[in-house]
Amino acid sequence: MIRIKCPYCGERDHSEFTYGGDASINYPSLDASEAEWTEAIFFRKNIKGFQKETWHHLNGCRMWLEVERSTITHEIKSVKPCHPDLQKLMELKK
Amino acid sequence: MTKFNAWNVFKNGLNGQTGWSRQWRDPEPKSNYNVIIIGGGLHGLATAYYLAKNHNVNKIAVLEKGWIGGGNAGRNTTIIRSNYMMSGSHEFYEHSLKLWENLSHELNYNVMFSQRAHVNLYHSPGAKDSNARRYNTMRLHGTDGELWDLNTLKKNIPHLNYNDARFPIIGAAVQRRAGNARHDSAVWGYARAADSLGVDIIQNCEVTGITRKNGNIESLQTSRGIMKGNKIGFAVAGNTSLLWQMADLGNLPIESHKLQAFVTEAVKPFLDHVVVYGVGGAHFYISQSDKGSLVFGGDLDWYKSYAQRGNLPMVQDVAEAAMAILPSIGRLRLLRHWAGVMDMSMDGTFFICKTPISNLYLNAGWNYGGFKASPASGWYFADLIANEQPHKYIQHHHLKRFEQGINLDERGAGPDPKLHG
């Protein structure tokens, strides 16, 4: 079981979350070329090691989180809300 | 290599089994090969075998970083079927099934292929309709398929939960020619047959670097020295992205996910078929091995991972699915469970194709279905490497299919690798 420290709910089992995917993708502008969109939608770095990825706290606060996790050991380095405004808000709360 | 036949079994029975030779050699790597296949799993070994057998290629090496068959070839639930609907899938998997049907004779090695029927349960009229469509499409293409109503199903498998299942069983789509085989035997059979045709199988040989020159791969750095090959093939599903990036080729439409499998203690003959259950978010497939253990599996662990070990929530999910349709196995204890790392592709379909490097060929993206595919995978990958031209069955199984809009999405799940179960 992976334990994810949700910034709002605290540390929870990963079974409360759903896995989103690669958080490092930069989606191109709407009028970008087909090649750029193909790359963003279909092609992945598939990192072996620490990667940034998204998780959705579906059975909790429903916040989308950006998690830095090792794909070998499943160790988690950092967790923060995906939305930059929520990030700021969480920091204010501290 | 001593051939397996009745006479040799008899003779060695009299001389205390002392007349058998090694099954395959343990050669020192040479510095030059015509073809180097990276990956000593079923796909790599089958490719080497068919390169030598069908295309008379000599000087072939198969490089394996651990021991042959120690990756996904030894980490699956050994199910073999060809119940695919889409063009490009059904011809390919049907050919694979036909190769399995003759594989023990072909390799002179008993791969214990057992055509015990693949029974795909359905639980709603909608599921029945969609299965009818799929299995009728298969029949139109010459693959066997039939629908069992509830009475036929009860007669064949009386001990499924027909009483109070959360999703009542109302029938099954069945492929009788499908079944399973012994995974290790298939690996050893291909290794032995390839070796006898002169293929060098080099174990404990990890590729650590790839040198490119003038658009070609010039040499491979390995843990057992530098090797050159006129043609290089990747057959390392699970770790494809790592080699791809070692060759400086960027990203792939693949993510690595892990899939667990489970084995119980052995019991007397109990289940004569491969039974599959998939409804309401659950996914479960089970068969009984010749030793008597029940072998079963379910979904992926739902997050990207290269760890060859599974997580506990999935153990619970799979156990719940097992209890939903086969409550009689509730007291059985699990002997072991393990996980393999899958190449999950963006549309759930594999790649056998040329690459941006002219002497590099790719075999990857097998999702859940690599085991049953391995004979045909080797067959068509060898064909591509030898003839430089994809066979028409695999003409769309290349990396450009996404930008061309030719997604081969059998499940219709969209570009999310973890959903292509």
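If you're wondering where the values come from, they're calculated on a predicted model, not measured in any experiment.

## Describing the sheet that holds strand S4 (residues 118-122) of chain B
Residues and elements named next belong to chain B.
(1) Moving on: The mixed open sheet is built from eight strands, whose spatial order is S5-S6-S4-S13-S14-S15-S12-S16. Bordering the open sheet on either side are strand S5 (146-149) and strand S16 (334-345), each of which pairs with just one other strand. Geometrically, the sheet is characterised by an average inter-axis angle of 25° between neighbouring strands, direction not taken into account.
(2) Moving on: Alignment of strand S13 (residues 274-279) against strand S14 (residues 282-288), held across five bridges, turns out to be antiparallel. The residue of S14 that forms the bridge with valine 275 is isoleucine 286.
(3) Moving on: Contacts between helix H5 (residues 125-140) and the sheet are confined to S4, S5 and strand S6 (171-175), with S4 contributing the most and set at about 150° to the helix.

## Some points on the confidence of the model for chain B
(1) Moving on: Here chain B shows a mean pLDDT of 95. Residues at 70 or above account for 100%.
(2) Moving on: For this predicted complex, the interface score ipTM comes out at 0.94, while the overall pTM is 0.96.

## Some words on H5(B)
Residue and element names in this part refer to chain B.
(1) Moving on: Under the 1.5 Å per step criterion, the end-to-end length of H5 is 22 Å for 16 residues, consistent within 8% with the ideal 22 Å.
(2) Moving on: For H5, every residue scored as buried is listed here: Asn131, Ala132, Arg134, Tyr135, Thr137 and Met138.
(3) Moving on: Looking at the packing, one finds that the buried side of H5 touches S4, S5 and S6.
(4) Moving on: Phi turns positive one or two residues past the end of H5, at glycine 142, with a value near 90°.

## Some thoughts on the pattern of salt bridges
All names here are of chain B.
(1) Moving on: All chains considered together, the criterion is met by 25 salt bridges over all chains.
(2) Moving on: Between arginine 25 and aspartate 200 there is a salt bridge, with its nearest N and O atoms 3.1 Å apart. Here aspartate 200 lies in strand S8 (residues 200-202) and arginine 25 lies in the loop between helix H1 (6-14) and strand S1 (32-38), a separation of 175 residues in the sequence.
(3) Moving on: The shortest N-O distance in the salt bridge between arginine 333 and glutamate 265 comes to 3.0 Å. Of this pair, arginine 333 sits in the loop between helix H9 (312-325) and S16 while glutamate 265 sits in strand S12 (residues 254-266); the two residues are 68 residues apart in sequence, bridging distant segments of the chain.
(4) Moving on: Judged by relative accessible area, arginine 333 falls into the exposed class, the value being 57%.

## Things to note about the nonpolar core
All names here are of chain B.
(1) Moving on: Among the nonpolar cores identified, the biggest contains 51 residues, and Phe92, Trp100, Tyr190 and Ile352 are the most heavily contacted of them.
(2) Moving on: Mapped onto this core, the elements with two or more residues apiece are S1, helix H2 (42-55), strand S2 (60-63), helix H3 (90-101), helix H4 (103-107), helix H7 (183-196) and helix H10 (370-387).
(3) Moving on: If you look at the next biggest cluster of nonpolar residues, it comprises 32 residues, including Ile210, Met227, Leu243 and Leu360.

## Some thoughts on the interface of chain A and chain B
Interfaces are often sized by the accessible area lost when the parts come together.
(1) Moving on: Tallying the contact residues gives 24 residues for chain A and 28 residues for chain B.
(2) Moving on: For the interface between chain A and chain B, the tally reads one salt bridge.
(3) Moving on: Linking chain A with chain B are 14 residue pairs in polar contact (both at pLDDT 80 or more).
(4) Moving on: For the side of chain A that touches chain B, the secondary-structure elements that each account for two or more residues are strand S3 (18-22), helix H1 (34-42) and strand S4 (50-56) of chain A.
(5) Moving on: Here the element with the most residues in the side of chain A that touches chain B is H1(A); it accounts for five residues.
(6) Moving on: Residues belonging to the side of chain A that touches chain B are distributed by class as follows: nine nonpolar, nine polar and six charged.

## Quick notes on a nonpolar patch on the surface
(1) Moving on: Taken together, the side chains of A:Leu86, A:Leu89 and A:Leu92 define a hydrophobic patch exposed on the protein surface, amounting to about 310 Å² of accessible area.
(2) Moving on: With respect to the helices and strands, the residue A:Leu86 is situated in helix H2 (residues 84-93).

## Observations regarding the sheet that holds strand S5 (residues 64-70) of chain A
Residues and elements named next belong to chain A.
(1) Moving on: Taking strand neighbours across the sheet as the criterion, the four strands line up as S3-S4-S5-S6 in an open arrangement whose pairing is antiparallel. Strands at the two margins of the open sheet, each flanked by one partner only, are S3 and strand S6 (76-81). Within this sheet the neighbouring strands show an average axis-to-axis angle of 30°, counted without direction.
(2) Moving on: Relative to S5, S4 is paired through seven bridges, and the arrangement is antiparallel. The partner of histidine 56 across the bridge, within S5, is tryptophan 64.

## Considering the pairing of strand S11 (residues 225-234) of chain B
Moving residue by residue along a regular strand, the side chains alternate between the two faces of the sheet.
Residue and element names in this part refer to chain B.
(1) Moving on: Direction of pairing for S1 relative to S11: parallel, over a ladder of six bridges. When the bridges of S11 are listed, tyrosine 33 appears paired with glycine 229.
(2) Moving on: The pairing of strand S10 (residues 216-222) with S11 spans three bridges and is classified as antiparallel. By the bridge assignment for S11, glutamine 221 is matched with isoleucine 226.
(3) Moving on: Linkage of S10 to S11, two consecutive antiparallel strands, is achieved through a turn of two residues.

Rules used in this analysis
Residues numbered from 1 in each chain as written. Chains lettered and ligands numbered in written order. Predicted model: local features only at pLDDT ≥ 70, side-chain atom pairs only at ≥ 80, totals over all residues. Heavy atoms only, no water. Pairing = 2+ DSSP bridges. Helix = DSSP H or I, 4+ residues; strand = E, 2+ residues; numbered from the N terminus. Axes fitted to C-alpha atoms, helices over the stretch in contact; angles between N-to-C directions. Contact = heavy atoms within 4.5 Å. pLDDT = per-residue confidence, 0-100. Expected span 1.5 Å × (residues − 1). Buried < 20%, exposed > 50% of the residue type's maximum accessible area, 1.4 Å probe, protein only. Salt bridge = Lys/Arg side-chain N within 4 Å of Asp/Glu carboxyl O. Core = buried A, V, L, I, M, F, W, Y, C linked by side-chain atoms within 4.5 Å. Polar contact = N/O pair within 3.5 Å; in protein donor to acceptor, adjacent residues only side chain to side chain. Nonpolar A, V, L, I, M, F, W, Y, C, P; charged D, E, K, R; others polar. Patch = residues over 30% accessible without salt bridge, like charges linked within 9 Å, V, L, I, M, F, W, Y side chains within 5 Å. Areas by Shrake-Rupley, 256 points an atom, 1.4 Å probe, with all protein chains shown as cover.

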